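Architecture and fold: a report
Residue-level listing of the chains:
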Amino acid sequence: MSNVKLICPSLPGMPWQDRPQDCAAPVWRYSENPVIGRNPIPEVARIFNSAVAPYEDGYIGVFRGEQTNGVPYIYLGRSADGVKWDFERSKINFVDRNGNPAQPVYAYDPRLVKVEDTYYAMWCQDFHGASIGLAETKDFKTFTRLENPFIPFNRNAVLFPRKINGMYVMLSRPSDSGHTPFGDIFLSQSPDMEFWGRHCHVMGKSGNWWENLKVGGGAAPIETSEGWLLFYHGVTGTCNGYVYSIGGAILNIDDPSKVLYRCQNFLLTPEEWYEERGFVPNVCFPCATLQDGDTGRIAIYYGCADSYVGLAFTTADTVVDYIKANSN
Ligand code: BMA
């Protein structure tokens, strides 16, 4: 038995289910999935690829809502238990530093990461092509846009939850303007969340069939005694389109551009009806986790088939041991 420590606060009320007796997998699904179904609020047909965080007595999140006009946007949601969510009817209103409206044309695949006393949301938006949008909030009432960190084309930005060697650190995935058939994970640093540089390559596609086309950052990396635990998505191409699975890697704690271990097996791949059937079939797309520093429990929020949000569970010991044992 290993004893991997999660270096994070305790979160005793987080969603949790023990691994079923008959399950040997390193990550297991919540029995009541999907936790967000279709038509969650008027004018929003589907919510998926969304991110949550502990906030006050419960949880808060930024949710990708596919409007009934087909344009994706970000909606705020709140939950007492992390499972049952209430959404605001209207989209998040972004403002610039002067308080003037600063709405992106569209916004999708948001992540939400707290660094020190500020929550940062990052998403994909139009900036003369697909690129990363960034905003900060302290109260979830005012979302202030920051400079776009990267030029187009780029997607899947994920901030680390603390500064490393005094710098903010963000993963991203340079891409093209379409359903990009390639993509590696890069790392960039900033002293102030405005100027980004020191770009490094972290990892690309691999020879493992489930991630032999492209990879992209998923949930904000989790600090552990073994390094940064990264859940990411890996994509393969089939004669019927892309298949998105969840992969796992462990990055060096002081220099997370260095991959210490990378699991050759997927951690979760489309198997259930809500992952295999939907607007885009065969998609498991992780965007956030909750974790409890006392027990090592981890809950993964992932988009399912571009139609639903699912929850899956693991523990620090289980998943880190599995990644290390199956690393190539
Ligand atoms: C990617 C993104 C994701 C989506 C996935 C599968 O390019 O657009 O939002 O989940 O494709 O359609």
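Attention in this report is confined to the structure presented alongside it. As the structure is a computational prediction, the values presented were derived from the model and not from experiment.

A look at the overall build of the chain
- Check the secondary structure of the chain and you find two helices and 22 strands.
- Computed over its C-alpha atoms, the radius of gyration of the chain comes to 18 Å, within 12% of the 20 Å expected for a compact globule of 328 residues.
- Dimensions of the chain, computed from the C-alpha atoms along their principal axes, are close to 55 × 45 × 40 Å.
- Here the chain holds 328 residues, and 59% of them are scored as buried.

Considering the sheet that holds strand β4 (residues 72-79)
- Judged by pairing direction, the sheet is antiparallel, and its four strands sit side by side in the order β2-β3-β4-β5 without closing on themselves. At either end of the open sheet lies a strand with only one pairing partner, and these are β2 (44-55) and β5 (86-87).

Some details on the pattern of salt bridges
- Scanning all chains against the criterion turns up 12 salt bridges.
- Arg64 is the salt-bridge partner of Asp109, the closest N and O atoms lying 2.7 Å from each other. With Asp109 in strand β7 (residues 107-115) and Arg64 in strand β3 (residues 58-67), this pair connects stretches of sequence that are 45 residues apart.
- In this structure Asp109 comes out as buried when scored by relative accessible area, which is 9%.

A word on the site of the ligand
- Lining the immediate environment of the ligand, one finds Asn49, Arg64, Asp109, Tyr244, Val280, Val283, Phe285 and Asp306.
- With respect to the ligand, the side chain of Tyr244 contributes an N or O atom lying 3.1 Å from an oxygen atom.
- Measuring from an oxygen atom of the ligand, one finds a side-chain N or O atom of Asp306 at 2.6 Å.
- Burial of the ligand by the protein chains amounts to 84% of its free accessible area of 310 Å².
- For the shell around the ligand, the per-class residue count stands at four nonpolar, one polar and three charged.

Regarding the sheet that holds strand β13 (residues 185-190)
- Pairing is antiparallel in the open sheet, where four strands are placed in the order β11-β12-β13-β14. Since the sheet does not close on itself, it has two edges, and those belong to β11 (154-159) and β14 (197-203), each with one partner. On average, adjacent strands in this sheet sit at an angle of 30 degrees to one another, irrespective of strand direction.
- Across four bridges, the pairing between β11 and strand β12 (residues 168-174) is antiparallel. Residue Asn154 lies in a different strand from β12, and its bridge partner there is Pro174.

Remarks on the nonpolar core
- Ranked by internal contacts, the top residues of the largest apolar core, which has 42 residues, are Ile36, Trp85, Phe94, Leu112, Phe140, Tyr301 and Leu311.
- Taken together, the elements giving at least two residues each to this core come down to β2, β3, β4, β7, β8 (118-126), β20 (284-291), β21 (297-304) and β22 (308-315).
- Here this core takes six residues from β2, the largest share from any one element.
- Leave out the neighbours within four places in its chain, and Phe140 touches Tyr55, Ile60, Leu76, Arg78, Leu112 and Tyr119.
- Counting residues in hydrophobic clusters, the runner-up holds 31 residues, among them Ala157, Tyr168, Leu187 and Val202.

What to know about helix α2 (residues 316-325)
- The set of residues buried in α2 consists of Ala316, Asp317, Val319, Val320 and Ile323.
- Looking at the packing, one finds that the buried side of α2 touches β17 (227-238), β18 (241-251), β19 (259-262), β21 and β22.

Points about the packing of aromatic side chains
- Tallied over the full model, the rule gives 22 aromatic pairs.
- With a centroid separation of 5.1 Å and an interplanar angle of 90 degrees, the aromatic rings of Phe160 and Trp228 are classed as edge-to-face. Of the two residues, Phe160 is situated in the loop between β11 and β12 and Trp228 in strand β17; the sequence distance between them amounts to 68 residues. Judged on exposure class, the residue Phe160 and its partner Trp228 are both buried.
- Three or more aromatic residues joined by ring pairs form one cluster here, namely Tyr55, Phe94, Tyr119, Trp123, Phe140 and Phe143.

Conventions we followed
Residues numbered from 1 in each chain as written. Predicted model: local features only at pLDDT ≥ 70, side-chain atom pairs only at ≥ 80, totals over all residues. Heavy atoms only, no water. Helix = DSSP H or I, 4+ residues; strand = E, 2+ residues; numbered from the N terminus. Rg over C-alpha atoms; globule rule 2.2 N^0.38 Å. Buried < 20%, exposed > 50% of the residue type's maximum accessible area, 1.4 Å probe, protein only. Pairing = 2+ DSSP bridges. Salt bridge = Lys/Arg side-chain N within 4 Å of Asp/Glu carboxyl O. Near = heavy atom within 4 Å. Polar contact = N/O pair within 3.5 Å; in protein donor to acceptor, adjacent residues only side chain to side chain. Areas by Shrake-Rupley, 256 points an atom, 1.4 Å probe, with all protein chains shown as cover. Nonpolar A, V, L, I, M, F, W, Y, C, P; charged D, E, K, R; others polar. Axes fitted to C-alpha atoms, helices over the stretch in contact; angles between N-to-C directions. Core = buried A, V, L, I, M, F, W, Y, C linked by side-chain atoms within 4.5 Å. Contact = heavy atoms within 4.5 Å. Phe/Tyr/Trp six-rings, centres within 6.5 Å; stacked < 30°, edge-to-face > 60°.

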